[in-house]
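Spelled out from the first residue to the last, the chains are:
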Amino acid sequence: MLMRITLTIFALAVVGLGQTIKTVPTKPTSPTSGKEMFNEYCAVCHGKDGQGGGPAATALKKKPADLTQLTVHNSGKFPDTRVARYIEGEDQLDAHGTRDMPIWGSIFKSMAGGSATTRMRVANLTDYIKSLQAAK
Ligand code: HEC
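What counts and how
- Residues numbered from 1 in each chain as written.
- Predicted model: local features only at pLDDT ≥ 70, side-chain atom pairs only at ≥ 80, totals over all residues.
- Heavy atoms only, no water.
- Helix = DSSP H or I, 4+ residues; strand = E, 2+ residues; numbered from the N terminus.
- Buried < 20%, exposed > 50% of the residue type's maximum accessible area, 1.4 Å probe, protein only.
- Contact = heavy atoms within 4.5 Å.
- Areas by Shrake-Rupley, 256 points an atom, 1.4 Å probe, with all protein chains shown as cover.
- Near = heavy atom within 4 Å.
- Polar contact = N/O pair within 3.5 Å; in protein donor to acceptor, adjacent residues only side chain to side chain.
- Arc of directions from axis to C-beta.

Caption draft 1: How the structure looks around the overall build of the protein chain. When helices and strands are counted, the protein chain shows five helices and zero strands. Across the protein chain, helices and strands are ordered from the amino to the carboxyl terminus as α-α-α-α-α. Counting all 136 residues of the protein chain, 40% fall into the buried class. Relative to all contacts within the protein chain whose residues are 6 or more apart in sequence, the contacts with residues 24 or more apart total 43%. Of the accessible surface of the protein chain, which amounts to about 8,100 Å², a share of 59% is contributed by carbon and sulfur atoms.

Caption draft 2: Structural view of the site of the ligand. Surveying the vicinity of the ligand reveals 24 residues, the closest of which are C42, C45, H46, R82 and M101. Note that an oxygen atom of the ligand is positioned 3.3 Å from one of the side-chain N or O atoms of K62. Note that an oxygen atom of the ligand is positioned 2.7 Å from one of the side-chain N or O atoms of R82. Going through the elements one at a time, α2 (34-46), α3 (80-88) and α5 (114-131) are the ones with two or more residues in the shell around the ligand.

Caption draft 3: The arrangement of α3 in detail. Within α3, the full set of buried residues consists of V83, A84, I87 and E88. One side of α3 carries all its buried residues, which in axial view fall inside an arc of 130°. Packing partners of the buried residues in α3 comprise α4 (104-109) and α5. Where α3 ends, the next residue or the one after it, G89, has phi of about 100°, a positive value.

Caption draft 4: Expanded view of the environment of G89. For G89, the position within the fold is in the loop between α3 and α4. Put simply, G89 and I103 are 14 residues apart on the chain and 4.8 Å apart in space, counted from C-alpha to C-alpha. Beyond its immediate chain neighbours, meaning those up to four positions away, G89 contacts R99 and I103.

Structural measurements only, silent on function.
Now the structure itself:
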């Protein structure tokens, strides 16, 4: 388990530097299951419950966002467009030039399925995060 987490972080770090990776050391997931993708790709940092306490969280400079509070922090409305763009990485690279979170759009595009599948992955992950929102 520890080994696998280490490998995952390494690969993600390479992506973060803008280099290409040939293999993704995570198991393939169904693009139709937001939950399966979340547990496989996101929980290592954000935690299975989405609250930001995954096993890799302490290795990061920045604490992973608590994904259960997005609706609360957006005046009671889940910010779906912003979340989807954030996952995909279109709003990436703020003024400081880097971000700790991987650019999932590029990783998903390197998997089988093409751009329609990438969009499906992002949409289903966004829906899953929506389902994790804390009650107001
Ligand atoms: C390597 C650790 C890591 C992984 C893996 C990761 N994230 Fe993140 N994520 C972060 C960090 C750290 C932040 C806080 C912002 C920043 O500095 O990047 C963040 C922020 C976010 C945000 C922005 C929340 C907001 O406040 O708007 C969303 C949405 C998100 N992550 C979704 C995901 C999804 C979906 C996945 C899996 C496909 C994922 N993350 C995988 C580390 C990670």
